[in-house]
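Given next are the chains, with one letter for each unit.
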Amino acid sequence: MRFSWSSFLLLILPLTACSPNVSKTATTAQTNIQPLVTGAIPDRDPEKLQRQYGKLAAYLEKELGIPVEYKPVTDYTAAVTAFKVGELDLVWFGGLTGVQARLQVPGAEAIAQRDIDENFHSVFIANKNSGLKLIQNTAELQQLKGHTFTFGSESSTSGRLMPQYFLQQAGVQLTDFKGEPGFSGDHDKTIKLVEAGSYNAGAVNEKVWQERVKNQEVDLNRVQVIWRTPTYYDYHWLIHPQVQQRYGKDFVQKVQNALFKLNPQIIEQKEILDLLAASKFIPTQNSNYTQIEAIGREIGKIK
Amino acid sequence: MIILGFLKRSSLISWRTWGLLFAISFIWSLHIAGISERDLVNQGGWNLVWRFVVAAIHPELSREFLLLTLNASLKTLAYAVCSTFFSILIGLIAGVLSSEVWWSIGNNQTPWLFGRGILAFPRAIHELIWGLFLINIFGLDPLVAILAIAIPFGAITAKVFSEILDETPRQPLLALLNSGASPFSAFVYGLFPQAFPNLLSYSFYRFECSIRSAAVLGIIGAGGLGYQLLLSLQSLRYEQMWTLLGALIILSGSTDFGCTWLRDRWGLPSRLDLNVLNFQQHRKLLQRDSVFISILAAIILFIFSFWYVQADFSKLWQVRSYERLATIIQIALPPNTSQLNQLFTLATRTLAMSILAIASAGFGGIILAFLAARNFVLPQGILSDATKSSQLHLTFLRWGVLLCTRFFLLFIRAVPEPIWALIFLFVLFPGILPGAIALGLHNLGILGRLMAEVVENLDQRPLRSLQAAGATNPQVFLYGVLPSTFPRFFAYILYRWEVCMRATVIVGIVGAGGLGRLLTEQLSSFDYNSLLTTLIVFVILTFIVDLISASVRKTLR
């Protein structure tokens, strides 16, 4: 009898001790306006993403005068799907995922990119013990044959699509590596896996690489850049057409203005820009991504 | 017809033939896994594994992180409770509708077979795939996770429930029917009460499975422990991982323990009795207060869970959801059949993965089961020598072996398969081997425990009489223990093989090869036509495994 009571108490104690974290959303929804839901592809360390987007949401809330929510998504595909079904209104997509999402939502528009995104690069990194030498031109990618290699996420533009495209142009197929190529999941993991020597080489987003080098989060005695790819268009903000019905015709313009207005001179706003690794946001348009779309179709990531 | 013929003939296949077939398929699987030819081990990854192991000494214990862990644990628990509720609800309704006995009341034979046939589809597809599919309909809502577990588990429960109902003695039901009771009330009063202990025992088992499944679902973003585990692993924060693993072990362990305790206390049949449904179990006297308290606790747990997950159930009857469903079906049809060759290769690889996994889990499980069985290891056990068992240090040693084995089994089954796979991917190249090891470990944990229970429930009388007749310990083991446990062991192994087959998909999703790997590519390319074909191939594969397992079980009886 005593035992059953104590087990009963054990069951309910944790229930009373804790309250769920959903209460936060309940308070923001107090106003009657439906919140603008923002999101991002989880391309880097998810903990850092959580921090940076909280600040951005707060900024947009102030600028646009409507409630703004950040919804974390854990997977590239889920981010595209959520945009498709209208759960996310404004998403920071990579080149490929942006095209995938736009093709599934008629009327969706690429509205802004960072100044660096129109001339984006990937870098190929290699462990110093791998014996891989610096690569001068695309043809020299041949030396990767017979080595182990890892990409980032399957749907990553800078961590998979473009690297695979350049490899193919150099005549290196996915079957030419030692073992099967890995798909690490995100750029940070690719860096860590190559640094640890788990893979000889890997392809990462140049921006993420530079940031990690700047913050001394990479051991440059163990891993080095061996090649920088030609340029391509990458990340951009994609907005769902449903926001016009919800907040008015000129809403897209307002969001664009809010993003372009971010000023690195103002400390708070610089923080947001820094977290996104941008010095400022500039306009972009759907037609900028036709090359990405073509390569996506060629590699089979777009049907 | 062909299938029925196969089943009839297969019951004639002897033990020896099955053994030979197994040996051949095992060697074939090793060959497919490329044991001999390709580079399998990635030497570069050992230091990451080492870092992971070393981190176990100092798990992250900051207050903030512990709070996050508690929240995540509650979330996993709440998901498990909600989805168990729905799976049992689905199981009850669909189970009755697909039972032979229900339709036999109305003298109608065909619908139950039809019902069971339909149930096979949701069953064959893994929770994780359901989850990724349901996001398309309900968006990012906790509802997705609940339904992703409830649909396949509901179908599994329905199958088991209908079998239980069909095998329940029918005399009281017929008596009520003959005395003029309506079919429905005859069913409720004549059949149900007898079947109830078995149904309840199985429901407990489903709850244990739901906990594990809720943890896995976290990996596609449903939140909870699985999600946090994946985050920590992705950012290679091993200290955090160990804290989360600890929480998962506590959650999973206490659920297993609690369910076993209640089952024992209420005199319910042990776990899922796969071969023998025992309706004459001598029931212990039910203690009314323990029943009352448990029901109260269950109600509180339900209310808490539904409040905690905050699922938007209105989405279930919103027109928009059905429109999305219709669109998806429209897009996915017709299935893309242009890549059947590639699919066939991958299907064989997947099959090989499941065979390797279940074979290693089975062998390991048989050995560990005896080390984890109380009546085997502890003093006064079946094979213990009365003169030696009094020595104190030996007693300690025996307890040590028992507890270590049990903890080991708990640990390896509490860690979700994809997490195991990700860890093995540090040192093994992507391919079916890391997947097979991950599945094998997780299933070893489950099988070891199920088998230990078989050993503990052994009928002692034949063994004692062997001993009394002067048999030595090895003889008792060979001629007494093995013959009475092995058929049950193999029944469990075959049952887990079916589960393993479904689970190959989820280790594939994290990059461990087979059809799952292809599914991820197709999902991330939004290629629904090809996705549909892959799923169909997968369902066929699951059917084949079910069929083989059913006919082997027939030989066992």
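- In the nomenclature of an unreviewed UniProt entry, chain A is known as Selenate ABC transporter substrate-binding protein of Gloeocapsopsis crepidinum LEGE 06123.
- For the record of chain A, the UniProt heading Sequence similarities (unreviewed entry) holds the text "Belongs to the phosphate/phosphite/phosphonate binding protein family."

1. Some points on the overall build of chain A
Next up, step 1: A count of helices and strands for chain A gives 12 helices and 11 strands.
Next up, step 2: Taking the intrachain contacts of chain A between residues at least 6 apart in sequence as the baseline, contacts between residues at least 24 apart amount to 78%.
Next up, step 3: Accessible surface, chain A as shown: approximately 12,500 Å² in total, 50% of it carbon and sulfur.

2. Observations concerning the overall build of chain B
Next up, step 1: The helix and strand tally for chain B stands at 23 helices and zero strands.
Next up, step 2: The long-range share in chain B, meaning contacts at least 24 apart out of those at least 6 apart in sequence, stands at 81%.
Next up, step 3: Total accessible area on chain B stands at roughly 24,400 Å², and carbon and sulfur atoms take up 70% of it.

3. As for the confidence of the model for chain B
Residues and elements named next belong to chain B.
Next up, step 1: Chain-level pLDDT for chain B is 80 on average; 87% of the residues reach the 70-or-more range.
Next up, step 2: No element of chain B has a lower mean pLDDT than helix α1 (residues 2-10), at 44, and none a higher one than helix α4 (residues 63-97), at 89.
Next up, step 3: For residues 1-11, every residue scores under 50 in pLDDT, and the model assigns this stretch 10 contacts once sequence neighbours within four places are set aside.
Next up, step 4: A low-confidence stretch, residues 279-284 stays under pLDDT 50, and its non-local contacts, those more than four residues away or across chains, total 11 contacts.

4. Observations regarding the pattern of salt bridges
Next up, step 1: Counted under the stated rule, the structure contains 23 salt bridges over all chains.
Next up, step 2: Put simply, E154 of chain A and R517 of chain B hold a salt bridge, and the shortest N to O gap is 3.1 Å. With E154 of chain A in the loop between β6 (149-151) and α6 (157-169) and R517 of chain B in helix α22 (residues 515-524), this pair bridges two chains.
Next up, step 3: A residue is classified by how much of its surface remains accessible, and E154 of chain A, at 14% relative accessible area, is buried.
Next up, step 4: Taking relative accessible area as the criterion, R517 of chain B reaches 14% and is therefore assigned buried.
Next up, step 5: A salt bridge links R123 of chain B to D546 of chain B; the nearest nitrogen and oxygen atoms lie 3.5 Å apart. Of the two residues, R123 of chain B is situated in helix α6 (residues 110-124) and D546 of chain B in helix α23 (residues 528-556); the sequence distance between them amounts to 423 residues.

5. Examining a nonpolar patch on the surface
Next up, step 1: Together, F85, L89, L92, I93 and L97 of chain B give the surface a local cluster of nonpolar side chains, amounting to about 410 Å² of exposed area.
Next up, step 2: In this structure, L97 of chain B sits in helix α4.

6. Overview of the sheet that holds strand β9 (residues 223-228) of chain A
All names here are of chain A.
Next up, step 1: Overall, mixed pairing links the five strands, which are arranged β7-β6-β8-β5-β9 in an open sheet. Strands at the two margins of the open sheet, each flanked by one partner only, are β7 (182-183) and β9.
Next up, step 2: Helix-sheet contacts for α6 involve β5 (122-127), β6, β7, β8 (201-205) and β9, and the interaxial angle to β6 is about 130°.
Next up, step 3: On the sheet, helix α7 (residues 187-196) packs against β5, β6, β8 and β9 and is oriented at approximately 150° with respect to β8.

7. Topic: the pairing of strand β1 (residues 36-40) of chain A
All names here are of chain A.
Next up, step 1: Across the five residues that make up β1, a large majority, five, are buried.
Next up, step 2: Alternating residues of β1 divide into L36, T38 and A40 and V37 and G39, and every residue in both groups is buried.
Next up, step 3: As judged from the three bridges shared by β1 and strand β2 (residues 68-70), these two strands associate in the parallel manner. Within β2, the position partnered with T38 by the bridge is Y70.
Next up, step 4: Taken together, the three bridges between β1 and strand β3 (residues 90-93) define a ladder with parallel strand orientation. Bridge assignment links G39 to a residue of β3, and that residue is V91.

8. Considering the packing of α4 of chain B against helix α10 (residues 183-217) of chain B
When two helices pack together, their arrangement is given by the angle between their axes and by how far apart the axes lie.
Residue and element names in this part refer to chain B.
Next up, step 1: The N-to-C vectors of α4 and α10 enclose an angle of 145°; their axes lie 9 Å apart at closest approach. Viewed along their axes, α4 and α10 form a crossing whose handedness is right-handed. Contact with α4, carried on its side by T76, L77, Y79, A80, V81, S83, T84, I88, L92 and V96, involves F187, F192, S203, R206, F207, S210, I211, A214 and A215 of α10 and no other residues of that element.
Next up, step 2: Among the residues making up the contact of α4 with α10, the classes are represented as 13 nonpolar, five polar and one charged.

9. A short note on the domain arrangement of chain A
Residues and elements named next belong to chain A.
Next up, step 1: Considered domain by domain, chain A is made up of domain 1 (36-118 + 234-299) and domain 2 (121-228).
Next up, step 2: One C-alpha centre belongs to domain 1, the other to domain 2, and the line joining them spans 26 Å.
Next up, step 3: Taken together, the 22 residues of domain 1 in the interface contact 20 residues of domain 2.
Next up, step 4: Between domain 1 and domain 2 lies a buried interface of about 1,700 Å² when both sides are counted; carbon and sulfur atoms form 57% of it.
Next up, step 5: Across the domain 1-domain 2 interface, the total number found is zero salt bridges.
Next up, step 6: Across the domain 1-domain 2 interface, the total number found is three residue pairs in polar contact (both at pLDDT 80 or more).
Next up, step 7: Counting residues per element, the ones that place at least two in the side of domain 1 that touches domain 2 are α4 (76-84), α5 (95-104) and α12 (290-299).
Next up, step 8: Looking at the side of domain 1 that touches domain 2, its residues break down into nine nonpolar, six polar and seven charged.

The rules behind these values
Residues numbered from 1 in each chain as written. Chains lettered and ligands numbered in written order. Predicted model: local features only at pLDDT ≥ 70, side-chain atom pairs only at ≥ 80, totals over all residues. Heavy atoms only, no water. UniProt positions renumbered as here; feature names shortened; annotations may be inferred. Helix = DSSP H or I, 4+ residues; strand = E, 2+ residues; numbered from the N terminus. Contact = heavy atoms within 4.5 Å. Areas by Shrake-Rupley, 256 points an atom, 1.4 Å probe, with all protein chains shown as cover. pLDDT = per-residue confidence, 0-100. Salt bridge = Lys/Arg side-chain N within 4 Å of Asp/Glu carboxyl O. Buried < 20%, exposed > 50% of the residue type's maximum accessible area, 1.4 Å probe, protein only. Patch = residues over 30% accessible without salt bridge, like charges linked within 9 Å, V, L, I, M, F, W, Y side chains within 5 Å. Pairing = 2+ DSSP bridges. Axes fitted to C-alpha atoms, helices over the stretch in contact; angles between N-to-C directions. Left-handed = near helix turned anticlockwise from the far one by under 90°. Nonpolar A, V, L, I, M, F, W, Y, C, P; charged D, E, K, R; others polar. Domains from an automatic or database assignment. Buried area = accessible area lost by both parts, 1.4 Å probe. Polar contact = N/O pair within 3.5 Å; in protein donor to acceptor, adjacent residues only side chain to side chain.

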